[in-house]
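A closer look at the structure
The lines below spell out each chain.
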Amino acid sequence: MSLLQKLDCAPQFVAAAPSLRRYHMGTSNKMEVSAEQVEQAVVEFYRDPVAKSGLNTWLMQAQHSRHSWTFAWPLLDPRKPEEVQFFAGNTVYMKVSRYWHEVPKEEYEPLKIKILNLIAQYSNSKVVLNRLVKSLGAYVIHTIQHDWTTAIQDIITMFDPGTVPGIEPSTALNLLFSILTIIPEELETMQEAMSINSKDKQVITAAVRNSHQSVLSLISQVMQAAQISNVIKEVVLKTLNAWLKLSLPLSETRDLLVALIPYSNYALLCEPVMEALRTAVTDVGTYNIPNTVMDFVTQMLRLRPVLEEAQHANDENTASLVYSLFTSVVECHSRLLLQCALQAEHQATVVQVVALLLQCAATPGQYPTDETTSNIPFAVWFTIQDDIMTFEGEQQAELLQLFQPVYLKLVDTFIQKSLLPPDNALSAEEKEMFRCYRQDICDTYMYAYYVLRGDMLSHLEVHLKDAVVKMQSDPTDWRYLEAVLHAYSSVAETVAETDNFYVPRFIQSIPQIPFSDNIQLISVALTTLGAYADWLNYHQDHMHHVIPLMVEGLVNASLVGAASQALRDLTLECPLTISPFSQPILTSCQRALEQSRLDSAETERIMTIISRVLSVGKDQPTIMTYLNATLTPYISRLSQLKDLMGSGLSREQHNELVSLLKLLSCMSRHLNLNNTAVEEDDDEDGTTRRHSQAVSGGPQPLLLVLQQLMPLLSAIASKASTDQEVIEALCKLLKNSISTLVDDCVAILPAILEIIPQLYEASLNPAILDLVKQLVILFGREGSQEANMGVLLRMVTTTTLSRASTDLWAHTDAVHGCLALLTASFKKTPNLVSAHHNHVAPLFHLGVEALKLPEEGTVRSAGHFLSSFILLSRDASIGCLQPVVTHNTETLLRTLMFCICNSPRHSLSSFSDVLSALCKMYGDDLTRTFKTVQADESFLSPRVTAQHKEEFAKKVLKNRGSKRRILEAVTDLALIGRGLAGTDYGAQTRGFH
Amino acid sequence: MTYQLYRNTTLGNTLQESLDELIQIQQISPNLALRVLLQFDRAINQALATKVRTKISFKASKLNTYRFCDNVWTFLMSDVEFKEVQDFAQVDKLKIVACDGRGEDTRQR
């Protein structure tokens, strides 16, 4: 009985009917799919765009059916339309690769002969041939282990050019190497496509690899044959690369690979030769054969003439390939190269390799318009530096000495390569590429500094002097100076704060630099100085060199961005050391606010600078006078906008209102007289409480400002109670104020407590809940405010329950915020939550319902809330929680199990936490509840059986002390509930959560 | 080296959710889902290593915890300000998980 006859006896294919009548496969009975039907369907598929979708489904079903073993062969006929032949070829590949289990063992040989004959028949038809060659590849993989152990040798013999009847020798050779390439490639995909497990994959790979000598020998012969065209040799090199990926030993491939180097002179062969060299030298197996690798790398240096020739011919492509190859070598073997650099016999090789990459970095011309190769070795400079640091003692010193000239040269190179091009020389896309390139240079300067330390700063100093001289002689020649400042800025955060030699000299030289009113240059200088803020904090005596440039910059409309940025950095890093310069800074800030048309970010930065400067060393009257002068125009404008709100604000006015609130928010965050002298005391309960009273003893200036401002803020709140942007800005302002004032904000608390209900009842914005959380934590346990906080919490929970409970999906962020607030309250002020008994059960239900929501944050918040609720419920002093848990254990357990099987898996740890808490506090109740749930057969069926539920219950109850094991049990149930248990995918994604 | 830590990102989680769903409605096999996931690992590791050039610096008021385990650094910080050129962002808590970008199989240790 032939294979086809056997397969005809196989169960008949039944498929869901597509909408097309002609291809109807029957909804109620079994019927055959004939080759004619398939042919017609394929032809129509390509002709009729309307019917495409339905036909596609039908054809796919036909392809997967057992019938396809029958209909595919007659369609592989050169007289049939090409698309029909392709479909048939594809079908054969799919069947051989994925449905191998359908082939009876005695039909292996006929199937092989059939495929081989078809390959010979289609040797000139590229498209169909590719499918057939892949089919043979899949066939070899399925049989090489036991049934066709000599497959590779047999194929080499079968397709020996000149011996295959009816096929041109060159075609036969092409065919042979195509097959030899496909086999290792199919190995790569077989695990997923052919359902072969990883253990079998290893065995099959070893079986294929065993034949590598005959393949390498064949490749060697063909590459040496002068009469064979480069087109064929390109295919041969691809075969070599495919086999090298099987991790062939370098000791066996080295001679062949070295012999290939001369072929890289040919444009067509250069890339495959480089690819083969790269695959061989970067293979994981090479880590165990350092001597062979070093010997090979030495041989690879024979590529230098190829590189020189490419450079001579302006052949960037070949140069890039060679440089990329050596970059890969260093990235892969950097530590080995460094070890060898310490040995006299290998040092020259290492030096030459590194010199080659330095040469690459210094490729002449503008990046990316003139060249795109100098960026290739960026990663190498980090790798070498990083690995040098892993050596110790004398070895490290020797390496640092060896690489010192390399990195100094690199610094010179980068200064040249980072020169800004003339204006408009680059398109927008090229500018972006150049920006990234400069960013990489910036990072590499940092690595160079780790190798060079003071030598680098000394080197930069020489460049700085040269650049200043050039600038003095020709003010238009400023780009060199800009590049040097860029280099200084790149190492700013890396230089040690203890450097007392080079950095001071650089800072001192700033006032001497002839900027010639060059905006770009001054901007870079300002940014650079801002970057040295941390160093300046330790060197107050140098502050006077930098402040003048910054304060001047503030009043220049073109420089205010960079100057405000630099000064902000300085005021944040050096709150005390900047104090002596407060007057000129404040004056300039005032002028900047008055004169320039600033954007909101710049205004906020200036407000930050003012607040930080006023926070140190000023008496209250001075501060208030300055604040009055600065804030009055903004508050007046805010008041005007408030008045206009009644009649509706324009988009511009609305944005202005939000910007003004953000501006005040900046002030409230940074205007803190205790910022540098925060005291922390333990109160009688052992908790830490910050005192905000100003050091001078008087109230904080921020409090005085806010006392005047609160009526205005209340009015804005009442008018914008549904405007989310305004609410968020307002809440941020109040939150920052409370953080700064801490206990002192009691004075404005009544006004805040009036604003919050007004806003929350109109809009369930989570920013309001965040503010409430801050207040409850701060004042929830304080005698005088405890009652107020209780009222506030009740208002929030009542409003959330009444508004959000009806449609949780629409208010997921409010539910998230509310549950987070309650969790915080459970931990810090449990007295407040339990004070309102009638809320406790509805809140528990809200938490349970929230577990079903899709948002990870909300589910996590619900998990924390329920866990805290359950853990606290056994506390005798809070008696109202326990009955709620006891009455709802089954609902909670069912919800948890349902969510474990159905909700996104990243929430599993939240479900597990709740289950752990339940197990810990209500173990006996849970045992009973598990039994009830197990008895309900319909629950979670059909995937989760009663036995699964029983095993889950056992695992959970047995491991009640171990959160990790309960999470494992939860993960197991999640995989069962999704039908993923036992699959590789399920195993690989166990750590999902 | 292809790290799997990006599976626990919004993009990775969403992809896995989608794959879970496609498997359950029998649109794809678990083997294909695994292949997609491995491709995601490769693609995101490569893209983040080669395509991203944005530099963001940050400063934290407090480094609460740090650890180095299995070649992975973990830092937990609070009150952190991020700075990208002239933009700022403030966050209360930050967790950084950092792996060696070059990976183990590309270099000899």
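Residues numbered from 1 in each chain as written. Chains lettered and ligands numbered in written order. Predicted model: local features only at pLDDT ≥ 70, side-chain atom pairs only at ≥ 80, totals over all residues. Heavy atoms only, no water.

Here we take up the interface of chain B and chain A. Chain B puts 35 residues into the contact, and the matching count from chain A is 48 residues. Summing the contributions of chain B and of chain A, the shared interface buries around 3500 Å²; its carbon and sulfur component is 44%. The tally of links from chain B across to chain A stands at six salt bridges. Between Glu573 of chain A and Lys59 of chain B there is a salt bridge whose closest N-O contact spans 2.6 Å. Linking chain B with chain A are eleven residue pairs in polar contact (both at pLDDT 80 or more), by the criterion used here. Among the residues forming the side of chain B that touches chain A, the class breakdown is nine nonpolar, ten polar and 16 charged. (Contact = heavy atoms within 4.5 Å. Buried area = accessible area lost by both parts, 1.4 Å probe. Salt bridge = Lys/Arg side-chain N within 4 Å of Asp/Glu carboxyl O. Polar contact = N/O pair within 3.5 Å; in protein donor to acceptor, adjacent residues only side chain to side chain. Nonpolar A, V, L, I, M, F, W, Y, C, P; charged D, E, K, R; others polar.)

A word on the pattern of salt bridges. Residue and element names in this part refer to chain A. All chains considered together, the criterion is met by 35 salt bridges over all chains. Where Glu461 meets Arg505, a salt bridge forms, and the shortest distance between an N and an O atom there is 2.5 Å. Taken together, the residues span a long stretch of sequence, with Glu461 in helix H22 (residues 454-473) and Arg505 in helix H24 (residues 502-509) at a distance of 44 residues. Given a relative accessible area of 36%, Arg505 falls into the partly exposed group. The residue Asp936 makes a salt bridge to Arg894 at a minimum N-O spacing of 3.0 Å. Of the two residues, Asp936 sits in the loop between helix H44 (923-935) and helix H45 (946-958) while Arg894 sits in helix H42 (residues 882-902), which places them 42 residues apart along the sequence. For Asp936, a relative accessible area of 23% corresponds to the partly exposed category. (Helix = DSSP H or I, 4+ residues; strand = E, 2+ residues; numbered from the N terminus. Buried < 20%, exposed > 50% of the residue type's maximum accessible area, 1.4 Å probe, protein only.)

A few words on the side chain of Ser825 of chain A. Residue position: Ser825 of chain A is located in helix H38 (residues 812-828). Leaving out residues up to four positions away in the same chain, Ser825 of chain A has contacts with Val776, Leu793, Pro830, Leu832 and Val833 of chain A.

Residue and element names in this part refer to chain A. Running from amino to carboxyl end, helix H40 (residues 837-850) crosses helix H41 (residues 856-873) at an angle of 140°, the nearest separation of the two axes being 8 Å. In terms of axis orientation, H40 runs oblique to H41. Our pair here, H40 against H41, has a crossing hand that is left-handed. Here H40 contributes Val840, Leu843, Phe844, Gly847, Val848 and Ala850 to the contact with H41, which in turn contributes Val859, Ala862, Phe865, Leu866 and Phe869. Residue classes in the contact of H40 with H41 are distributed as ten nonpolar, one polar and no charged. (Axes fitted to C-alpha atoms, helices over the stretch in contact; angles between N-to-C directions. Parallel < 35°, antiparallel > 145°, perpendicular 65-115°, else oblique. Left-handed = near helix turned anticlockwise from the far one by under 90°.)

A few words now on the packing of helix H30 (residues 600-614) of chain A against helix H32 (residues 651-670) of chain A. All names here are of chain A. Where H30 contacts H32, the axes come no closer than 8 Å and their chain directions differ by 25°. Relative to H32, H30 is oriented roughly parallel. Remark: the crossing between H30 and H32 carries right-handed chirality. Judged by residue contacts, Ser600, Thr603, Glu604, Met607, Thr608, Ser611 and Arg612 of H30 engage Ser659, Lys662, Leu663, Cys666, Met667 and His670 from H32. The residue makeup of the contact of H30 with H32, split by class, is four nonpolar, six polar and three charged.

A few words now on the sheet that holds strand S2 (residues 72-84) of chain B. Residues and elements named next belong to chain B. Read from one edge to the other, the open sheet built from three strands follows the order S1-S2-S3, with strand pairing classed as antiparallel. Because the sheet does not close on itself, it has two edges, and the strands there are strand S1 (57-69) and strand S3 (87-99). For this sheet, the mean inter-axis angle between neighbouring strands, taken without regard to orientation, is 10°. (Pairing = 2+ DSSP bridges.)

A few words now on a positive patch on the surface. A contiguous patch of positive charge, built from Arg781, Lys827 and Lys828 of chain A together with Lys93 of chain B, is present on the exposed surface. Locating Lys93 of chain B in the fold gives a position in strand S3. (Patch = residues over 30% accessible without salt bridge, like charges linked within 9 Å, V, L, I, M, F, W, Y side chains within 5 Å. Areas by Shrake-Rupley, 256 points an atom, 1.4 Å probe, with all protein chains shown as cover. Lys, Arg positive; Asp, Glu negative; His and termini not counted. Charge placed at Lys NZ, Arg CZ, Asp CG, Glu CD.)

Residue and element names in this part refer to chain A. When pLDDT is averaged along chain A, the result is 89; 94% of the residues meet or exceed 70. Within chain A, helix H1 (residues 3-8) has the poorest average pLDDT of any element, 32, and helix H20 (residues 393-417) the best, 97. Overall, residues 1-31 carries pLDDT values under 50, and its contacts beyond four positions in sequence, including any with other chains, amount to 61 contacts. Below pLDDT 50 for its whole length, residues 677-694 participates in 36 contacts with residues either more than four positions away or in separate chains. (pLDDT = per-residue confidence, 0-100.)

Time to look at helix H6 (residues 108-121) of chain A. Residue and element names in this part refer to chain A. With 14 residues, H6 should reach 20 Å at 1.5 Å per residue; the first-to-last C-alpha distance of 20 Å fits that figure. For H6, the set of buried residues is Tyr108, Leu111, Lys112, Ile115, Leu116, Leu118 and Ile119. For H6, the angular spread of the buried residues around the axis is 160°, confining them to a single face. (Expected span 1.5 Å × (residues − 1). Arc of directions from axis to C-beta.)

For the rest of this paragraph, the subject is a nonpolar patch on the surface. Residues and elements named next belong to chain B. A surface patch of nonpolar side chains, amounting to about 440 Å² of accessible area, comprises Leu63, Tyr66, Phe68 and Trp73. It is S1 that contributes the most residues to the nonpolar patch, three residues altogether. Within the fold, Tyr66 resides in strand S1. Under the relative-accessibility criterion, Tyr66 is labelled exposed at 55%.

Residue Pro368 of chain A is bonded to the preceding Tyr367 of chain A through a cis peptide linkage, with omega at 0°. Counting through the fold element by element, Pro368 of chain A comes out in the loop between helix H18 (344-361) and helix H19 (378-388). Of the consecutive residues Ser941 of chain A and Pro942 of chain A, the connecting peptide bond is found in the cis state with omega at 5°. Within the secondary structure, Pro942 of chain A is located in the loop between H44 and H45. With a phi close to 50°, Val742 of chain A is a non-glycine residue in the positive phi region. Here Val742 of chain A lies in the loop between helix H34 (724-741) and helix H35 (749-762). You will see that Asp70 of chain B, though not glycine, has its phi angle at about 50°, which is positive.

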